[in-house]
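Working through the structure, step by step
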Amino acid sequence: MIILGLDPSLSCTGWGVIRAEGARISHVANGQVPTDASAPMTVRLATLQAALVEVIAAYRPDRAAAEEVYLNKNPQSTLKLAQARGAVLATCGMAGVAVNEHAARLVKKAVVGTGGAEKQQVQAMLKVLLPGATIAGADAADALAVAIADAHLTR
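Reference entry: report on the structure contained in this document. (Residues numbered from 1 in each chain as written. Predicted model: local features only at pLDDT ≥ 70, side-chain atom pairs only at ≥ 80, totals over all residues. Heavy atoms only, no water.)

1. Side note on the environment of Leu48
Among the structural elements, Leu48 can be located in helix α1 (residues 41-59). As for Leu48 and Ala90, which are separated by 42 residues in sequence, their C-alpha atoms are 11 Å apart. Residue contacts for Leu48: discarding those within four places in its chain leaves Ser9, Thr13, Val33, Thr35 and Ala84. (Helix = DSSP H or I, 4+ residues; strand = E, 2+ residues; numbered from the N terminus. Contact = heavy atoms within 4.5 Å.)

Structure, rendered in structure tokens:
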């Protein structure tokens, strides 16, 4: 089973691909899709879509996973996150890839063992769970965590 984990964001969307065989997981690939903050919204969303079309074509995931949406204190930030999520989820839908959504606390609990884990704890655990994997950055790490959580939470 190939699982694509997604960490949607307008500034930089992370993606991570793992292979899950029963309880065993292994790293396949990961990356980040940054967008130009000075570009129009339509261009930024198109950048996300085009990059994910390539990722899906290259790795042919059986399914995808993303964190459930959360609300920021800043309504503008929440709106931008929602637009990025929409582009990412629509890209998966157009490719026929089903997307599971998981709460952030469940992702942290599945990877670290506690729902209140800090980002550094999640990243440290990724090094244990995916030995030898070079992780492209914090957004890619979050995406890999979502993929791992999905492997454990969705049977």
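Having seen the structure, we can now continue with the description.
2. A closer look at the environment of Ala20
Inspection of the secondary structure assignment puts Ala20 in strand β2 (residues 12-21). Residue class for Ala20 comes out buried when judged on its relative accessible area of 10%. C-alpha separation for the pair Ala20 and Val69, spaced 49 residues apart in sequence, amounts to 25 Å. Setting aside chain neighbours within four positions, we find Ala20 in contact with Met1, Ile3, Ile25 and Ala151. (Buried < 20%, exposed > 50% of the residue type's maximum accessible area, 1.4 Å probe, protein only.)

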